[in-house]
Amino acid sequence: MAEPDQTTEESGGGDAGGPDVVAAGAGTAHGSDEIMIELQEVTKRYPGSNEDAIESLTLQVPKGEILVLVGPSGCGKSTALRLINRMIEPTSGHIIFDGEDVTTVDADHLRRRIGYVIQQIGLFPHRTIADNIATVPRLSGWDKQRTDARVDELLETVGMDPSMYRDRYPNELSGGQAQRIGVARALGADPLVMLMDEPFGAIDPITRDRLQNEFLRLQQELRKTIVFVTHDIDEAIKMGDRIAILGERSRIAQFDTPERILAAPANDFVEDFIGSGATLQGLSLERVRDVQLNTDYPVVRHDVGVTEAQRVLETSSEDWLLVLDDDDRPARWVTLDHLDRTDKRLIENGRKVTALAEPEDTLRDALEEMLLSNAGATVAIDGRGKYHGVIELETLMNVLQRMRREAKAHYARHAEPDTDDTSVDA
Amino acid sequence: MDGIQSWVEFVVGRPGEILGYTIEHAILVAAVMASAAFVSILVGIAVHESMAGRSVALSVAGVLITLPSLALFAIFIPVFGLGWTPSFVALFLYALLPILRNTVVGLNEVDPAVLESAKGMGLSSRQTLVKVKLPLAWPVILTGIRVSTLFITGVAAIAKLIGGPGLGHYIREGQTRLGLPLGMERLWTGVVFIVLLALAFDAFYLILNRLTTPRSLRSRGG
Ligand SMILES: Nc1ncnc2c1ncn2[C@@H]1O[C@H](COP(=O)(O)OP(=O)(O)OP(=O)(O)O)[C@@H](O)[C@H]1O
Ligand SMILES: [Mg+2]
């Protein structure tokens, strides 16, 4: 996820190597400093209501990033999205889109430049899938050939076979397929910006997980600027380059990267909202390739002989010895007990190694493997299956400590977490 | 049996005449329906978004449909004289309500999520009406037109009383000759051919519905 900061010209002077400083104290998660969407003290009160739905919301979305708005039901997340593409007008404040105040541009044209996915999907029931996806390209005056090609391309993009689905109607799709078409339709004329209001809301957890992964993969290529609304903190952590945790009337409780929010919740509200799973969530943001593996673990090749194996294990403080096969792949876990009791060859003795982690696996995966393993450790392997090192509970504790330390250091550098304690704790 | 036989003889004896009256009847109904549908749909579109407009339009059409038909036909004699014109006008006023009501209901019934996404993609309100609302409301509107047509086909028989065209001829003649030879046969000829004509219209709407609505909308509405 994390990429080196590429904007050297504008941020060059500051703390070398560290995250550069953006207004409001949050570091960039992805390259660009260029702001795509900006809300300036935006307040929205619906006609006939005597309370603000949104009270003085200020935030920025850099180009190419996913900002997730997360918060309890009714806190104004959908309202915030609908302000950006002028489905509704703000009561006060300014919304800047790509450098222009949205109230100065034609609303219909603005909306054609912004992909909008609503929670209820809202496909046109009387139009085929192809016609649904072609809506914005046609409005934008594309010719038939270009439109048709685009429709097929988008169907491929969301993983649906064009020849099979092009001529179907929305009522002939499953819920998950309809969600994908909703996303494909919003991508129609290749908008720079996507507003997504709980786009994976109404589907089962397994399909949702798959759609999320597909979407993240897609985003790697497309690099759209995305504002993504959810009330599910797990989804926020997974999808967001940055997260705005919103309290009542969309007051910002914390605005930061998922890593730092998990490691250093700004206040009780955020802590409650993240819930007790925060630590595990934190582990799922770190990959095996990024951690300091234990390489001092007792390890032998299977052909060293039993005596040598005994010697290695006795001189170490561990109870288990890892035995590698001819290709240096982890094969068996053995204890002194195993070695004493039988005269089996090393490669057949003890227990089979089951808990393995590849570089791309998350630490959370590694932890799960560990809990199920005999030796209480997960073996890290490289892409070809060769032994790389061992992950133990201690390895994970160190990572968690480092994450907390980094978050604290970050906030120490930027004086205050970007928070608003006074309004949200109630 | 005797009655049926003599009725069949009556019908077989004058195919040209019966066909002529049936065609007259059909033309009257078709002309009334075409204009009533046109006007009702336009009015429906104009009022469907305003609560006040909606209730005024529906009340007016509702009052019209409850006027006793004999009276409504007679009212227009001083203005239009006898014949086709007053018949047309009276039937036209009757035909409005079912179409108007279904137009308003159909347009307002469109899923708000569909409208939100239409607006969100940059369709103007006019484009939304033409490309989204009307096509989605069409099966419901068509049902209104169909109900109205069946109703008008029956009521049009009364047109004969004010010198209008159509199969009402046989009903009127049958009535005045009740008890005389061929009186009953005339009455039945009027009734049967009006029903047959209504069935023919119904079949026409079924086909029209098939041709004008995508398969995804066909399970509901018309
Ligand atoms: N059209 C409207 N007219 C009046 N009040 C509205 C309207 N839409 C939303 N509200 C009110 O504004 C507040 C914020 O609503 P909004 O839909 O933005 O919340 P949300 O954060 O998206 O909630 P959820 O997670 O349930 O979707 C709520 O109190 C809601 O009742
Ligand atoms: Mg919402």
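Residues numbered from 1 in each chain as written. Chains lettered and ligands numbered in written order. Predicted model: local features only at pLDDT ≥ 70, side-chain atom pairs only at ≥ 80, totals over all residues. Heavy atoms only, no water.

## Some words on the pattern of salt bridges
All names here are of chain A. Tallying each qualifying case throughout the model produces 37 salt bridges over all chains. Notably, a salt bridge pairs Arg-289 with Glu-360, separated by 3.0 Å at the nearest N-O pair. Residue Arg-289 is located in the loop between α13 (278-283) and β11 (299-301), and its partner Glu-360 is located in the loop between β15 (356-357) and α16 (363-372); the two are separated by 71 residues in the primary sequence. For Arg-345, the salt bridge is made with Glu-348, and the minimal N-O distance between the two is 3.3 Å. The exposure class assigned to Arg-345 is exposed, which follows from its relative accessible area of 53%. (Salt bridge = Lys/Arg side-chain N within 4 Å of Asp/Glu carboxyl O. Helix = DSSP H or I, 4+ residues; strand = E, 2+ residues; numbered from the N terminus. Buried < 20%, exposed > 50% of the residue type's maximum accessible area, 1.4 Å probe, protein only.)

## Regarding empty space enclosed by the protein
Applying the stated rule across the entire model yields 6 cavities of 30 Å³ or more. What lines the largest cavity is a set of 18 residues, among which Gly-115, Tyr-116, Arg-185 and Ala-186 of chain A together with Met-121 of chain B lie closest to the centre. A total of 4 residues in the lining of the largest cavity trace back to one element, the largest contributor, which is strand β6 (residues 114-117) of chain A. By volume, the second largest cavity is sized at about 90 Å³. Looking at the lining of the second largest cavity, the elements that each hand over two or more residues are α8 (175-186) and α9 (205-222) of chain A. Ranked by residues supplied to the lining of the second largest cavity, first place goes to α9 of chain A with 5 residues. A class-by-class count of the residues in the lining of the second largest cavity yields 6 nonpolar, 1 polar and 3 charged. (1 Å grid on protein atoms, 1.4 Å probe; cavity = no way out; pocket = protein on both sides within 12 Å on 5 of 7 lines; lining within 4 Å. Points joined across faces, edges and corners; volume = space filled by probe spheres on them. Nonpolar A, V, L, I, M, F, W, Y, C, P; charged D, E, K, R; others polar.)

## Overview of the interface of chain B and chain A
Chain B puts 20 residues into the contact, and the matching count from chain A is 26 residues. When chain B packs against chain A, close to 2,000 Å² is buried across both sides, 60% of that on carbon and sulfur atoms. Here chain B and chain A share 2 salt bridges between them. In this structure, Glu-116 of chain B and Arg-82 of chain A form a salt bridge, with 2.8 Å as the shortest nitrogen-oxygen distance. For the pair chain B and chain A, the interface holds 10 residue pairs in polar contact (both at pLDDT 80 or more). Mapped onto the side of chain B that touches chain A, the elements with two or more residues apiece are α7 (112-120) and α8 (125-155) of chain B. (Contact = heavy atoms within 4.5 Å. Buried area = accessible area lost by both parts, 1.4 Å probe. Polar contact = N/O pair within 3.5 Å; in protein donor to acceptor, adjacent residues only side chain to side chain.)

## Description of the site of ligand 1
All names here are of chain A. As a matter of local geometry, ligand 1 sits amid Tyr-46, Ala-53, Ser-73, Gly-74, Cys-75, Gly-76, Lys-77, Ser-78, Thr-79 and Glu-198. The separation between an oxygen atom of ligand 1 and a polar main-chain atom of Cys-75 is 3.2 Å. Here an oxygen atom of ligand 1 and a side-chain polar atom of Thr-79 are 2.5 Å apart. Protein contact buries 56% of the 640 Å² of open area that ligand 1 shows by itself. (Near = heavy atom within 4 Å. Areas by Shrake-Rupley, 256 points an atom, 1.4 Å probe, with all protein chains shown as cover.)

## A word on the environment of Met-36 of chain A
Residue and element names in this part refer to chain A. Turning to its location among the elements, Met-36 is positioned in strand β1 (residues 35-44). A residue is classified by how much of its surface remains accessible, and Met-36, at 2% relative accessible area, is buried. Separated by 25 residues in sequence, Met-36 and Val-61 place their C-alpha atoms 5.8 Å apart. Among residues more than four places away in sequence, those in contact with Met-36 are Val-61, Pro-62, Lys-63, Ile-96, Phe-97, Asp-98, Leu-192, Val-193 and Thr-225.

## Digging into the packing of aromatic side chains
Residues and elements named next belong to chain A. The tally for this structure, following the rule as stated, stands at 11 aromatic pairs over all chains. With a centroid separation of 5.8 Å and 75° between ring planes, the pair formed by Tyr-297 and Trp-333 is classed as edge-to-face. Highlighted residues: Tyr-297 in the loop between α13 and β11 and Trp-333 in strand β13 (residues 330-334), separated in sequence by 36 residues. Under the relative-accessibility criterion, Tyr-297 is labelled buried at 5%. Grouping aromatic residues by their ring pairs yields a cluster made of Phe-200, Phe-215 and Phe-228. Above the ring of Trp-142, the side-chain terminus of Arg-146 is found at 3.6 Å from the ring centroid. (Phe/Tyr/Trp six-rings, centres within 6.5 Å; stacked < 30°, edge-to-face > 60°. Lys NZ or Arg CZ within 6 Å of the ring centre and 35° of its normal.)

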